[in-house]
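# Residue-level structural notes
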Amino acid sequence: MGNEKLDYEKLGFKCGIEIHNRLATKHKLFCKCPARFSKKEKPDFIIFRKLRAVPGETGEIDIAAEFEFLRDRDYFYHVYEDTCCLVELDEEPPHEINREALFIALQIAKMLNCEIPDEIHVMRKTIIDGSNTSGFQRTAIIGMNGWIETSKGKVHIPTVCLEEESAGIVEKMEKKVVYRLDRLGIPLIEISTAPEIKDPEHAKEVAEILGMIVRSTGKSQRGIGVTRQDLNVSIKGGARVEIKGVQELELIPKVLEFEVRRQLELIRKGIKPQPETRVAKPDGSTEFMRPLPGGERMYPETDIPPIRIPKEFIASIPLPETWQEKLKRFEKIIGKELAEQIVKSEYCEWFEELSKTFEPKLVARTFTVILKSVKREGYNIALLKKEHFSEIFKMVSNGELAKEGIEQVLKALCRNPEKNVKEIVKELGLEGMNKEELEKIIDNVFNENPELVKEKRFSALMGEVMKMVRGKADGKLVAEMIKRKFK
Ligand SMILES: [Zn+2]
């Protein structure tokens, strides 16, 4: 595929995105099971099901449903009793909708400038890959006709939905798929944009803004797979393609460009691109998954009565601080550049909390620059817990660990998340020097470099000392001690 720069406007680029974010509520959406993964190592039992495609209300079988049906797959579900009940097994009707999740969804809809219906209707959306035991996903429209402001103009938000998360995949083979049911039913917020996105970079910006809005509720889950983006894209003479499951924001522009070039290549060869669902791969390319389903068929969920939402109630819902307000507040403490990075980051909340006790710039730098560098080297930073960071910052502020050693400690923790920070610091030989040891080193450097001392060449002396301490002492402390010695 070519590398020439693409003119997206000329190509008739059309793109809308859908973001999905798990909410950190106490319970699942339609039962009292906890909204988290099981803590058990093995499932308590496994159930087996088959799926069958049947004609819909038009008398026809949906093309994507038939495609899956013809695969004749066996579906196995891992059941964990600490996070699953009969609702997940589809052996019991859903309970009343989770009020906490509904409240968060309403907050998000308000922040997205949506109209909120007077009545919330839970609907059933056909699911054809076995990721829900019932064969459909329960979903409710919470907001409509909203919009956000972006650097390239307004982007409209036709719908905000509150849905149940699907079952997590354990294993997928040609004739057999294994799911785990602990994830099924965790509240999920789904935000869709109109196809008004101008180019691949703009898509990333829109996803970033939507992510910040969801996170500003303080009720968004974190970690790998918690946020997923689906991209809808087409160009003139091409076809509408839906790309599923882009988990990294950085990947969005890459995936979109890849898809546009793929369609251009087909058109150049005289082949008409087909409407289809594709799946994003980690390198930014995409792979065929199945034909695009016919228009989304929704049916009312007859087990749950509509929920009335009085106007006064909507008006009384408080809005959290907006990301723009947050940005302004952070700028005053850590400067513009770091503030921008931290507001966009998943670690914004942890920053907010830990910067109350520890040096804000250090905390911000760790959650942005340092963590990005660790991740770039292939470490799974999702394994790092808040406690790890607070322990690291505590050691740095006590002089037990030099700032320069943070990155190394984080990498070691990713390899061994169960170990405690102190142990790792010791193993890596990164324990900070106490002042006496440091004093001794500085004395030596001063004795060995009388010329530099005479001319008060601060940076040269500083360099010599830092070479000797090799990351075991904080640069700021060393500088202070050298300056004191000059006097
Ligand atoms: Zn349950």
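Residues numbered from 1 in each chain as written. Predicted model: local features only at pLDDT ≥ 70, side-chain atom pairs only at ≥ 80, totals over all residues. Heavy atoms only, no water.

## What to know about the coordination of the zinc ion
Rules: In this listing, donors mean N, O and S atoms no farther than 2.8 Å from the metal, or 3.2 Å for Na, K and Ca; water is missing from the atoms, so a site can look incomplete. Each helix is a run of H or I in the DSSP string that is no shorter than four residues. Each strand is a run of E no shorter than two, and both are numbered from the N terminus. Buried means the residue's accessible area, taken with a 1.4 Å probe over protein chains only, is under 20% of the maximum for its type, while exposed means over 50%, and partly exposed covers the values in between.
In the first shell of the zinc ion, the protein supplies Cys31 (SG), Cys33 (SG), Cys85 (SG), Glu88 (OE) and Glu88 (OE), at 2.3 to 2.5 Å from the metal. For the zinc ion, the single-chain donor residues occur in sequence as C-x1-C-x51-C-x2-E. Highlighted residues: Cys31 in the loop between strand E1 (14-22) and strand E2 (45-49) and Glu88 in the loop between strand E3 (74-79) and helix H2 (99-111), separated in sequence by 57 residues. In this pair, the class of Cys31 matches that of Glu88, namely buried.

## Digging into the layout of surface pockets
So the rule is basically this: Using a 1 Å grid laid over the protein atoms alone, points where a 1.4 Å probe fits but cannot get out form a cavity; open sets with protein on both sides within 12 Å along at least 5 of 7 lines form a pocket; any residue with an atom within 4 Å of a point counts as lining. Grid points are joined across faces, edges and corners, and a volume is the space filled by probe spheres set on the points. The residue classification treats Ala, Val, Leu, Ile, Met, Phe, Trp, Tyr, Cys and Pro as nonpolar and Asp, Glu, Lys and Arg as charged. All others, Gly included, are polar. Segmentation into domains, and thus their bounds, comes from an automatic or database assignment.
Quantified by volume, the second largest pocket comes out at close to 360 Å³. For the second largest pocket, the lining is made up of 19 residues, of which Val396, Ser397, Gly399, Asp474 and Leu477 are closest to its centre. Those elements that place two or more of their residues in the lining of the second largest pocket are helix H10 (386-397), helix H13 (435-448) and helix H16 (475-486). Within the lining of the second largest pocket, the residues separate by chemical class into 10 nonpolar, three polar and six charged. Both domain 2 (323-427) and domain 3 (435-486) contribute no fewer than three residues apiece to the lining of the second largest pocket.

## Some remarks on the nonpolar core
Selection criterion: To qualify as a nonpolar core, a set must consist of buried Ala, Val, Leu, Ile, Met, Phe, Trp, Tyr and Cys residues joined through side-chain atoms within 4.5 Å. In what follows, residue pairs with any heavy atoms lying within 4.5 Å of each other are defined as contacts.
In terms of nonpolar packing, the biggest core is built from 97 residues, with Leu112, Phe367 and Ile392 touching the most fellow members. Two domains share this core, each providing at least three of its residues, namely domain 1 (14-29 + 96-165 + 187-311) and domain 2 (323-427). When near neighbours in sequence (up to four residues on either side) are disregarded, Leu112 contacts Gly146, Trp147, Ile148, Ile157, Val160, Ile191, Leu210 and Ile213. Judged by nonpolar contacts, the second largest core, of 17 residues, contains Ile442, Phe446, Leu461 and Met462.

## Things to note about the sheet that holds E3
Applied cut-off: Two strands are said to pair when DSSP picks up at least two bridges between them. Geometry is summarised by axes, namely lines fitted to C-alpha atoms with helices restricted to the contacting stretch, and by angles between N-to-C directions that run from 0 to 180 degrees.
Reading across from one edge, E2-E3-E9-E8 is the order of the four strands in this open sheet, with mixed pairing throughout. Lying at the two open borders of the sheet, with one neighbouring strand each, are E2 and strand E8 (168-172). Going across the sheet, the axis of each strand differs from the next one's by a mean of 25°, ignoring polarity. By the bridge criterion, five bridges tie E3 to strand E9 (residues 176-180) in an arrangement that is parallel. Note on E9: the bridge partner recorded for Tyr77 is Tyr179.

## Quick word on the pattern of salt bridges
Under the convention used in this document: A pairing counts as a salt bridge when a side-chain nitrogen of Lys or Arg comes within 4 Å of a carboxyl oxygen of Asp or Glu.
Enumeration over the complete set of coordinates arrives at 45 salt bridges. As a salt-bridge pair, Lys344 and Glu208 come within 3.6 Å of each other at their nearest N and O atoms. In this pair, Lys344 is assigned in helix H7 (residues 336-344) and Glu208 in helix H3 (residues 200-215), connecting sequence segments 136 residues apart. A residue is classified by how much of its surface remains accessible, and Glu208, at 13% relative accessible area, is buried. Shared partners join several salt bridges into a network, and the residues in it are Arg124, Arg138, Glu164, Glu301 and Asp303.

## Some points on unusual backbone geometry
If you check the backbone angles, Asn113 has positive phi at about 60° while not being a glycine. Checked against the element boundaries, Asn113 lands in the loop between H2 and strand E4 (119-120). According to the relative accessible area criterion, Asn113 is partly exposed, its value standing at 33%. One non-glycine residue, Lys456, lies in the positive phi region at around 50°. Topologically, Lys456 is positioned in the loop between helix H14 (450-454) and helix H15 (458-469).

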